[in-house]
Structure formats: C-alpha cells, structure tokens
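Residues per chain are reported as follows:
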Amino acid sequence: MTAGPALLVVDIQNDFCPGGALAVPEGDEIIPRVNRLVALFLRRGLPVLFTRCWHPRVTKHFKEFGGAWPAHCIQGTKGARFHPRLEVPKGGTILSKGMDPEQDSYSAFQATTDRGRDLESILQELGVGELFICGLATDYCVRATALDAGRRGLKASVFTDAVHGVDLKPGDSQAALREIRAQGAKLLRTRGIAELLPKRN
Ligand code: VGL
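Residues numbered from 1 in each chain as written. Predicted model: local features only at pLDDT ≥ 70, side-chain atom pairs only at ≥ 80, totals over all residues. Heavy atoms only, no water.

1. Thoughts on the pairing of strand S4 (residues 128–136)
Stage number 1. A large share of S4 lies buried, amounting to nine of its nine residues.
Stage number 2. Examined bridge by bridge, S4 and strand S5 (residues 155–164) share six bridges and lie parallel to one another. Within S5, the position partnered with Glu 130 by the bridge is Lys 155. (Buried < 20%, exposed > 50% of the residue type's maximum accessible area, 1.4 Å probe, protein only. Helix = DSSP H or I, 4+ residues; strand = E, 2+ residues; numbered from the N terminus. Pairing = 2+ DSSP bridges.)

In structure tokens:
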C-alpha cells in the first residue's frame, strides 16, 4: 500500500485561544480554515487526528513548579476543552499529551489515545506517510511535532495560514517555520490543497 496523507490538528483548546490561560494572540482566527481542512480530509476518506494538552494540576511544565508556563489545559477543566467552534467529528481520534508531570511533551508523538496508543503506531496502522499539520502553537507544539515527524521518516507539511504562534519573543514563530523547512518539511497554504490530495476511490 502506498503511504497516504493524514491531517493532524494540534491543540486548538480554550486555554490557547483568546480568553484562555495561555492565549495565543488571535489563536482562534485559524479555526474556520481548520474546520474546512478537517471536512476536506474526511470527504476524501483520509484520517484526521486531534491532539490536546492534558496536564495534571501539578507538573514541571508550569511556572509554579519550575517550568515556563502559567497553568493551562488542566485535565477536565473548561480550559482544556477543544474550542467550541472547532468541529471535532463524532468518533474522531483524540490524542492527549503532557500527562507526565516531569516533561513538557510538546510533540504530538508523545501523545496517546485513552487506550494508550501513540501517534506513530496509529499512523503506521493507517498507512500514513505524510502528515499535514495545523493548529497551535507554531513555535511550540507545531514545531516539535513537525520536527519529530521528519526524524521518524514521515513527510511533514505545515499549513502556514492555519497555525498561530505564541511569540514570547517577537519572531519566534517565523524562526520556527524556517527551522521546520530547513529540516525538510514543506510549508504550504491551505488554498489549493484539495488538488494535492488523492481523490476518493
Ligand atoms: C504549547 C506552550 C505551552 C502548545 C503548549 O500547544 O504549543 N505551547 N504548552
């Protein structure tokens, strides 16, 4: 079987959107475009996977306990829920990460389903060789995921108009995109993607 494409939607959760505990400025603006991508991949019968940060209350990821970030995406809280405008299909595959209190776990390859399956094994089983990535945040979880995909021999493509960055330092997101490209991943825009995907047979 030839290796096909899949869509990965990274961390579009309330806490990463305006009003949330670690809001990415204008993070919610990508949602309509992400919804269109999700619908397109599903129409073509292609896999769509969603990740979420799913932290315990106490973790070294948080400032309070020695990390870099204000507390966010705590398991079971409103802040950890997917943004209400994100259209997560019924039965859609959701992978959680950041449960280990000792680790940041920015990469989706550190995420697992409720049944403990990790992203790499799911992609293998589905015959995925090319990962299309969108979501939040460009300079952290999107970056780590795209770089990790490359390390694992998967083709990675990042939709530059369907990601948004934290930019703790101005320019962080641009630098992340350059790094992603330098590692061999593709940067592309959502426009025209329909023509690049295989037709449903
Ligand atoms: C993220 C900062 C802290 C992300 C997660 O999802 O990109 N960013 N934790």
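2. Here we look at the packing of helix H3 (residues 138–151) against helix H4 (residues 172–182)
Stage number 1. Relative to each other, H3 and H4 sit at 5°, their axes nearing to 9 Å. With respect to their mutual orientation, H3 and H4 come out roughly parallel. Contacts from Thr 138, Asp 139, Tyr 140, Arg 143, Ala 146 and Leu 147 of H3 reach H4 at Asp 172, Ser 173, Ala 176, Leu 177, Glu 179 and Ile 180.
Stage number 2. When its residues are assigned to classes, the contact of H3 with H4 shows six nonpolar, two polar and four charged. (Axes fitted to C-alpha atoms, helices over the stretch in contact; angles between N-to-C directions. Parallel < 35°, antiparallel > 145°, perpendicular 65-115°, else oblique. Contact = heavy atoms within 4.5 Å. Nonpolar A, V, L, I, M, F, W, Y, C, P; charged D, E, K, R; others polar.)

3. Considerations on the side chain of Thr 138
Stage number 1. Among the secondary structure elements, Thr 138 is positioned in helix H3.
Stage number 2. We classify Thr 138 as buried; its relative accessible area is 2%.
Stage number 3. Ignoring any residue separated from it by four or fewer positions in sequence, one finds Thr 138 in contact with Arg 143, Val 163, His 164, Gly 165, Ser 173, Ala 176 and Leu 177.

4. Some remarks on the sheet that holds strand S3 (residues 93–97)
The strands making up a sheet associate through backbone hydrogen bonding, with each pair oriented either parallel or antiparallel.
Stage number 1. The strand order across the open sheet built from six strands is S3-S2-S1-S4-S5-S6, with neighbouring strands paired in parallel fashion. This sheet does not close on itself; its edge strands, each paired only once, are S3 and strand S6 (186–188). Pairwise comparison of adjacent strand axes, ignoring direction, gives a mean angle of 25° for this sheet.
Stage number 2. Here seven bridges tie strand S1 (residues 4–10) to S4, and the two strands are oriented parallel to one another. Each residue of the ladder has a partner; that of Pro 5, found in S4, is Glu 130.
Stage number 3. Most of the contacts of helix H1 (residues 31–43) go to S1, to which it runs at about 150°, and overall it touches S1, strand S2 (48–53), S4 and S5.

5. Some points on empty space enclosed by the protein
With a probe scaled to a water molecule rolled over the atoms, the places where space remains empty come into view.
Stage number 1. Scanning the model with the defined rule gives one cavity of 30 Å³ or more in all.
Stage number 2. What the largest cavity holds in volume is close to 110 Å³.
Stage number 3. Taken together, 13 residues line the largest cavity, and the ones lying closest to its centre are Phe 16, Leu 22, Tyr 106, Tyr 140 and Cys 141.
Stage number 4. Here the lining of the largest cavity is composed, by residue class, of ten nonpolar, two polar and one charged. (1 Å grid on protein atoms, 1.4 Å probe; cavity = no way out; pocket = protein on both sides within 12 Å on 5 of 7 lines; lining within 4 Å. Points joined across faces, edges and corners; volume = space filled by probe spheres on them.)

6. Regarding the site of the ligand
Stage number 1. Lining the immediate surroundings of the ligand are Asp 11, Phe 16, Leu 22, Cys 53, His 61, Trp 69, His 72, Tyr 106, Leu 136, Ala 137, Tyr 140 and Cys 141.
Stage number 2. One nitrogen or oxygen atom from the side chain of Asp 11 is found 2.8 Å from an oxygen atom belonging to the ligand.
Stage number 3. Taken by itself the ligand offers 260 Å² of open surface, and the protein chains cover 99% of this.
Stage number 4. If you map the ligand onto the pockets, it falls in the largest cavity. (Near = heavy atom within 4 Å. Polar contact = N/O pair within 3.5 Å; in protein donor to acceptor, adjacent residues only side chain to side chain. Areas by Shrake-Rupley, 256 points an atom, 1.4 Å probe, with all protein chains shown as cover. Sits in = over half its atoms within 2 Å of the grid points.)

By themselves, these observations are geometric and do not establish any function.
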